[in-house]
Amino acid sequence: MRSRTVTSVLDADRGAVFDLMADIERLPEWATEFARELRREGDDYKVVNGLGEFFFAIEAHEDTGVIDMYAGPSKDQMAIFPTRVVGLPGGRTAFSFTMFQGAEMPDDLFDSQYESLQREFTNIERLLAG
């Protein structure tokens, strides 16, 4: 199983970064390729993108800065995408996002999703600038 992590040091305080990344309703603001559309169905959320429709959930723990994101074709087939928000000196914050390649996922799809995530980090930086 391969994994890839993207980390960015942001010019924003930890609280602002955590609030943005832990808020499922704000997902389409930064994950513009992954979450082209976000729909609520009862207590569940689904994202729609070029690959189809997927359940999506977030478990966030402000005290540790851990934000676990889950996505999958059904609620019992959710893959984890662990993220972490770490406060740094001077009011800056590191944000890390890890993705894992599933056993059935072709290498080219995993690589393209990683490239998409890198592009989406520019959205995060833009949203938190200034």
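Presented here is an overview of the structure given in this document. This is a predicted model, so every value here is computed, not measured.

Cut-offs and rules
Think of each chain on its own: its residues are numbered from 1, step by step along the sequence as written. Residues qualify for local features only when their pLDDT is at least 70, as the model is predicted, and side-chain atom pairs are given and counted only at 80 or more; totals for whole chains, interfaces and linings, by contrast, use all residues. To obtain the side-chain values, all non-hydrogen atoms of the structure were used and water was disregarded. What makes a salt bridge here is a side-chain nitrogen of Lys or Arg within 4 Å of a carboxyl oxygen of Asp or Glu, nothing more. For every residue, the accessible area (1.4 Å probe, protein chains only) is compared with the maximum for its type, and the residue is labelled buried under 20%, exposed over 50%, or partly exposed between those bounds. Secondary structure follows DSSP: runs of H or I at least 4 residues long count as helices, runs of E at least 2 residues long count as strands, and numbering of each begins at the N terminus. Note on ring pairs: Phe, Tyr and Trp rings are taken, using the six-membered ring of Trp, and paired if centres are within 6.5 Å. Classes follow the plane angle, with under 30 degrees stacked, over 60 edge-to-face and the rest tilted. Every angle, taken between N-to-C directions, lies between 0 and 180 degrees, and every axis is a line fitted to C-alpha atoms, over only the stretch in contact when it is a helix. An angle below 35 degrees is treated as roughly parallel, one above 145 as roughly antiparallel, one from 65 to 115 as roughly perpendicular, and anything else as oblique. Left-handed describes a crossing in which the near helix is turned anticlockwise from the far one by less than a right angle; the clockwise case is right-handed. We call two residues contacting when some pair of their heavy atoms lies within 4.5 Å. Residues were grouped as follows: Ala, Val, Leu, Ile, Met, Phe, Trp, Tyr, Cys and Pro as nonpolar; Asp, Glu, Lys and Arg as charged; and all remaining residues, including Gly, as polar. Whether two strands pair comes down to DSSP finding at least two bridges between them. Residues belong to a common nonpolar core when they are buried Ala, Val, Leu, Ile, Met, Phe, Trp, Tyr or Cys residues joined through side-chain atoms within 4.5 Å. By the counting rule applied here, Lys and Arg register as positive and Asp and Glu as negative, while His and the ends of each chain are not counted. Whenever two N or O atoms come within 3.5 Å, that pair is a polar contact, provided that in protein one can donate a hydrogen and the other can accept it, and provided that, for residues adjacent in sequence, both atoms are side-chain atoms.

Some words on the pattern of salt bridges
Side chains bearing opposite charge may pair, as long as their charged atoms lie close to each other.
Line of reasoning, step 1. Within this structure, the stated rule accounts for 11 salt bridges.
Line of reasoning, step 2. For the salt bridge of glutamate 29 with arginine 26, the shortest nitrogen-to-oxygen distance reads 2.9 Å.
Line of reasoning, step 3. On the basis of relative accessible area, glutamate 29 is assigned to the partly exposed category, the value being 34%.
Line of reasoning, step 4. Residue arginine 26 is classed as partly exposed on the basis of its relative accessible area, which comes to 29%.
Line of reasoning, step 5. Across the salt bridge formed by arginine 39 and glutamate 53, the nearest N and O atoms sit 2.0 Å from each other. Of this pair, arginine 39 sits in strand β2 (residues 37–41) while glutamate 53 is found in strand β4 (residues 52–61), placing the two residues 14 residues apart along the sequence.
Line of reasoning, step 6. Classification of glutamate 53 as partly exposed rests on a relative accessible area of 35%.

With respect to the packing of aromatic side chains
Line of reasoning, step 1. Using the criterion set out here, one finds three aromatic pairs in the structure.
Line of reasoning, step 2. A ring pair is formed by phenylalanine 81 and phenylalanine 97, whose centres lie 6.1 Å apart and whose planes are at 40°; its orientation type is tilted. Of the two residues, phenylalanine 81 sits in strand β6 (residues 79–87) while phenylalanine 97 sits in strand β7 (residues 93–100), which places them 16 residues apart along the sequence. In terms of burial, phenylalanine 81 and phenylalanine 97 fall into one category: buried.

Points about the packing of helix α1 (residues 14–22) against helix α3 (residues 107–128)
Think of two packed helices as two axes; the pair is described by the angle between the axes and how far apart they sit.
Line of reasoning, step 1. Axis separation between α1 and α3 bottoms out at 11 Å; the angle between their running directions is 130°. With respect to α3, the element α1 is oriented oblique. Between α1 and α3 lies a crossing whose hand is right-handed. Mapping the contact onto sequence places Ala16, Val17, Leu20 and Met21 in α1 and Ile124, Leu127 and Leu128 in α3.
Line of reasoning, step 2. In terms of residue class, the contact of α1 with α3 is built from seven nonpolar, no polar and no charged.

As for the sheet that holds β2
Line of reasoning, step 1. In space, the seven strands of this open sheet follow the order β1-β7-β6-β5-β4-β3-β2, with antiparallel pairing throughout. Pairing within the sheet leaves two strands with one partner each, and these edge strands are β1 (3–10) and β2. For this sheet the average axis-to-axis angle between neighbouring strands, irrespective of direction, equals 25°.

Some details on the nonpolar core
Line of reasoning, step 1. One finds Val17, Met21, Trp30, Met69, Phe95, Phe97 and Ile124 to be the most contacted residues of the largest nonpolar core, which totals 31 residues.
Line of reasoning, step 2. Per element, the largest residue contribution to this core is six residues, and it comes from α3.
Line of reasoning, step 3. For tryptophan 30, the contacting residues outside a window of four places in its chain are Leu20, Met21, Met69, Phe97, Glu120, Asn123, Ile124 and Leu127.

Concerning the side chain of glutamate 120
Line of reasoning, step 1. Its place among the elements puts glutamate 120 in helix α3.
Line of reasoning, step 2. Although buried, glutamate 120 forms no salt bridge, and the nearest oppositely charged side chain, arginine 119, lies 7.5 Å from it.
Line of reasoning, step 3. Here phenylalanine 34 takes part through its backbone nitrogen, which lies 2.8 Å from a polar atom of the side chain of glutamate 120.
Line of reasoning, step 4. Those residues within four positions of glutamate 120 in sequence are excluded, and the remaining contacts are Trp30, Ala31, Thr32, Glu33 and Phe34.

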